[in-house]
Every structure is written in C-alpha cells, then in structure tokens.
Amino acid sequence: MLVKSSIYSLTRQQLEEWLVAHGQKKFRAQQVWDWLYKKRVDSFEAMRNLNKDCRLVLEENFYLGTLQQEIKQESKDGTIKFLFKLSDGNLIETVLMKFNYGYSVCVTTQVGCNIGCSFCASGILTKDRDLSAGEIVEQIVKVQQHLDAKEEQERVSHIVVMGIGEPFDNYDNTMNFLRIVNDQKGLSIGARHITVSTSGLAKRIYDFADENMQVNLALSLHAPNNELRTKIMKINKAFPLEKLMDAIDYYLEKTNRRITFEYILLKGVNDHKQEAQQLVQLLKDKRHLSYVNLIPYNPVDEHIQYERSEKQAILDFYQVLLENGIKCGVRVEHGTDIDAACGQLRSKQIKKDKQKATER
C-alpha cells in the first residue's frame, strides 16, 4: 500500500527528479509547479495540460491538500487568524497581517512546542510532532487562496516563521519550506522578505549562517542576563547567553546581515531601566548589525503571573536603548481584539473540544 505525502513538501528540483523517476517527462515538473503555485488549484484533476497518466501517478502518491479550515477570526485592523486542522486531527494556527508594505503571514512549524517559555501560549501544550515542509507551505497557499477569492490581485509578500513551535527544532523541513516559497517560478516570496525566529538553538544558528540564504534571522531574547532568562525561558539552561552570543557573532561575521532581537516586556520582570542597561552592554559590540524589537505582552489566561508593562516603562526602556546607540522600536500590535497571543486560539479550541467530549 502506497503511503501518500504532501506534494507541497517537494522543491521544484525534487519534483522534477521524482517525475522522471516515475516515467514522466522532465518538463512536466514546471507544469505541475505552475498549477500548484501560480493557479493554486485544489485537485490534480484540474491540472488540464497534464496527460491522464501523469495526473494518475500524482494522485496515487501525493495529497494536494491536507489542511482544513476550522475557525477564521477577523480583527478590526484586518488581521486574520486561521485555525487549521491537519490530516491527523491536530490543530495549528496561521496569521495574516496587513501592513502598508503588503501582506505578511506568520506560519507554524510544529504541533505544540517543547521550548517551554513561561509566558507563551504556544508552549501550554507540549510538542506532538513536527510539521512537514508541505504542511508549512500549505499554510501560505491557503492564505493566498483566501486573498485570491477577494479578486483584488493581492498577494502574500512577506513571511514570518514565528508561529507555534521552534523552527530550528524542525530544521530540515523549515529549510525546505523556505526554498519552496522563495522559488522565483512559484510563489516567489523574496528571501529578504522572510524572517525566521528562534528561541536560541545555538547549534542551528551556526547551520543557518552556513546556508548562504538571504532570509532574515530574529532571536527571541526577552532577558539580558542568564539568571532572568533561565527563569522565563528554560532553553537558556542548554544554551546560556555566552554560547548564544558566540553563535550570533558567527552569524553576523559570516552573513554581515542585521539580526533582530525580540524582547517581550513583562511588567516588573524584565522592563526596568536596569535590564535596559544590561541589554545595551550585551549588544554594544554588535549594535551596528542589531535591531531590538520591543513587544508589549499579550496576556494569556494560563500565565496570570505576567502582565503587560506600563506605557511609561516601555518608553523608558526604549529611551535607554536609543540613547546608547541601539536601534530599536516598539512593535505595532495586530489582532488585539481576537486571540492575539500565539497559540491562544488553538489552546482554547482544544479545551472546548475536550469539554464537549466529557459532556458526552
């Protein structure tokens, strides 16, 4: 019995090699690619310029769609959060955000997360499995199909890999995803318009630097010293700041590309001027290639110990960085009137489903 996989998991070269190995002409790969990423059809039968034999061999070996939309939440600011059900019944989140420069999609790379950041909704439910490259790619395709339906010639132009899960803990599938969406003959989303965020898997930062891709890197830092970072991010035990900064230095030297440091401000925890000064010291030798993204916290029901920093505390923190030559900004919020925190919609829906099952 054949075990099917998602056709979206294949790069164009992999698709070409697979078709030739299965008795098809090499040029068929580009035809299939056009149907997948230019016309964005939802069945192999719709690929009309393929012969019957080619359509049949594709149908026998691949799934064209494995994501089913369960919930779509729309915010007043235009942000849309999608809850998708995978073929095995697991749920993931994908977010579409509208900016003045275009549409950006935040994708998920794992079902759940094992990083265990104490403030994060994504880690409330531990990792069940990695997503395949195809399941990550299909999030973009599904969102693009949503835009296509509006018939306004709008397209996804930017991607942030910052959804549920740790991308570098699913490294190979994440890299394949990046190559597929960046392909100029497909979705053609520019590498410089894509950002991958990691919580700090130092070993993979070295690997990512060696990929020679133009994709941007963001580091979820959230604390400027080991004691505090270990309290709120358990990954810091495995990769303390000394190891992490060595990896960042390697990345900067190898790529000469600016890195973004994500810093969620938690009231009374990491938002004092003292932490701001420590952050200045941590980044002072790399400030020419650093940008700090200060993020107001989205409260999560399961983490009532954390609150959003006061506006004045955020401003004071920002001023300390700016006065010391650290480029920084406060992130513009999206979707605050829906389940804004990453993983929040998913965890709520799983709770509801469990409650319904109990009531039966």
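One can find the structure itself at the top, above this paragraph.
Each chain carries its own residue numbering, running from 1 in the written order of its sequence. Confidence filtering applies because this is a predicted model: local features only for residues at pLDDT of at least 70, side-chain atom pairs given and counted only at 80 or more, and all residues used for totals across whole chains, interfaces and linings. The basis for the side-chain values is all heavy atoms of the structure; hydrogens and waters are excluded.

> Help me out: how do you make sense of the nonpolar core in this one?
Among soluble globular proteins, nonpolar side chains are generally buried collectively. Nonpolar cores are built from buried Ala, Val, Leu, Ile, Met, Phe, Trp, Tyr and Cys residues. Side-chain atoms within 4.5 Å join them into one set. Only protein chains enter the accessibility calculation, which uses a 1.4 Å probe. A residue is then buried if its area is under 20% of the maximum for its type, exposed if over 50%, and partly exposed in between. Counting residues in each nonpolar core, the largest one holds 106 residues, and the members touching the most others are Leu58, Ile140, Ile159, Phe177, Leu178, Phe208 and Val292. The dominant element in this core, judged by the number of residues it contributes, is helix α9 (residues 241–255), at seven residues. Numbering of helices and strands runs from the N terminus, with a helix taken as a DSSP run of H or I at least four residues long and a strand as a DSSP run of E at least two residues long.

> Which parts of the structure should I look at to understand the environment of Arg48?
Structurally, Arg48 is set in the loop between α2 (28–37) and α3 (52–61). For the pair Arg48 and Tyr250, spaced 202 residues apart in sequence, the C-alpha separation works out to 49 Å. Discounting chain neighbours no more than four positions away, the residues touching Arg48 are Trp35 and Arg55. Residue contacts are counted whenever heavy atoms from the two residues lie within 4.5 Å of one another.

> In this structure, what is going on with the pairing of strand β4 (residues 80–85)? I would like to understand it.
Walk down a regular strand and you will see the side chains alternate between the two sheet faces. Among the six residues that make up β4, five are buried, leaving the element largely enclosed by the rest of the structure. Whether two strands pair depends on DSSP finding at least two bridges between them. Looking at chain direction, strand β3 (residues 68–74) and β4 are connected through six bridges and run antiparallel. Its bridge partner lying in β4, Glu74 is registered against Ile80. The hairpin formed by β3 and β4 contains five residues between the paired strands, and Gly78 there has a positive phi angle of roughly 95°. Pairing analysis gives six bridges linking β4 to strand β5 (residues 91–99), with the strands arranged antiparallel. Considered in β5, the bridge of Ile80 is made with Leu96. Linking β4 to β5, which pair antiparallel, is a turn of five residues; within it Gly89 sits at a positive phi near 95°.

> For this particular structure, what's the right way to read empty space enclosed by the protein?
Rolled over the atoms, a probe with the dimensions of a water molecule shows which regions are left empty. Think of a 1 Å grid over the protein atoms and nothing else: a 1.4 Å probe that fits but is trapped marks a cavity, an open set flanked by protein within 12 Å on at least five of seven lines marks a pocket, and residues with an atom within 4 Å of a point count as lining. Grid points are joined across faces, edges and corners, and a volume is the space filled by probe spheres set on the points. This model, assessed by the stated rule, comprises one cavity of 30 Å³ or more. Taken together, Phe208, Ala209, Asn212, Met213, Val215, Tyr251 and Thr255 make up the lining of the largest cavity. Those elements giving two or more residues to the lining of the largest cavity turn out to be α6 (202–210) and α9.

> Quick question: what am I supposed to make of the packing of helix α4 (residues 133–149) against helix α5 (residues 171–182) here?
The packing of two helices is summarised by the inter-axis angle and the distance between the axes. Orientation is described by lines fitted to C-alpha atoms, with helices fitted over the stretch in contact, and by angles between N-to-C directions that extend from 0 to 180 degrees. One can describe the packing of α4 onto α5 by two numbers: an axis separation of 8 Å at closest approach and a directional angle of 40°. One finds that α4 runs oblique with respect to α5. In this structure, the crossing between α4 and α5 has a hand that is right-handed. Taking contact as the criterion, the partners of Ala133, Ile136, Val137 and Ile140 in α4 are, on α5, Asn173, Thr174, Asn176, Phe177, Ile180 and Val181. Amino acids outside the nonpolar list (Ala, Val, Leu, Ile, Met, Phe, Trp, Tyr, Cys, Pro) and the charged list (Asp, Glu, Lys, Arg) are all regarded as polar, and Gly is one of them. Here the residues of the contact of α4 with α5 sort into seven nonpolar, three polar and no charged. Any angle that falls under 35 degrees is termed roughly parallel, while one over 145 is termed roughly antiparallel, one within 65 to 115 roughly perpendicular, and all others oblique. Crossing handedness is defined as follows: a turn of the near helix away from the far one that is anticlockwise and smaller than a right angle gives a left-handed crossing, while the clockwise case is right-handed.

> Looking at this structure, how should I read the pattern of salt bridges?
When charged atoms on two side chains of opposite charge get close, those side chains can pair. Salt bridges are counted wherever a side-chain nitrogen of Lys or Arg sits within 4 Å of a carboxyl oxygen of Asp or Glu. Tallied over the entire structure, the rule returns 19 salt bridges. For the salt bridge of Arg179 with Glu211, the shortest nitrogen-to-oxygen distance reads 3.0 Å. You can see Arg179 sitting in helix α5 and its partner Glu211 sitting in the loop between α6 and β11 (216–220), a full 32 residues away along the chain. In this structure Arg179 comes out as partly exposed when scored by relative accessible area, which is 38%. Judged by relative accessible area, which is 24%, Glu211 ranks as partly exposed.

Read these as geometric descriptors, not functional statements.
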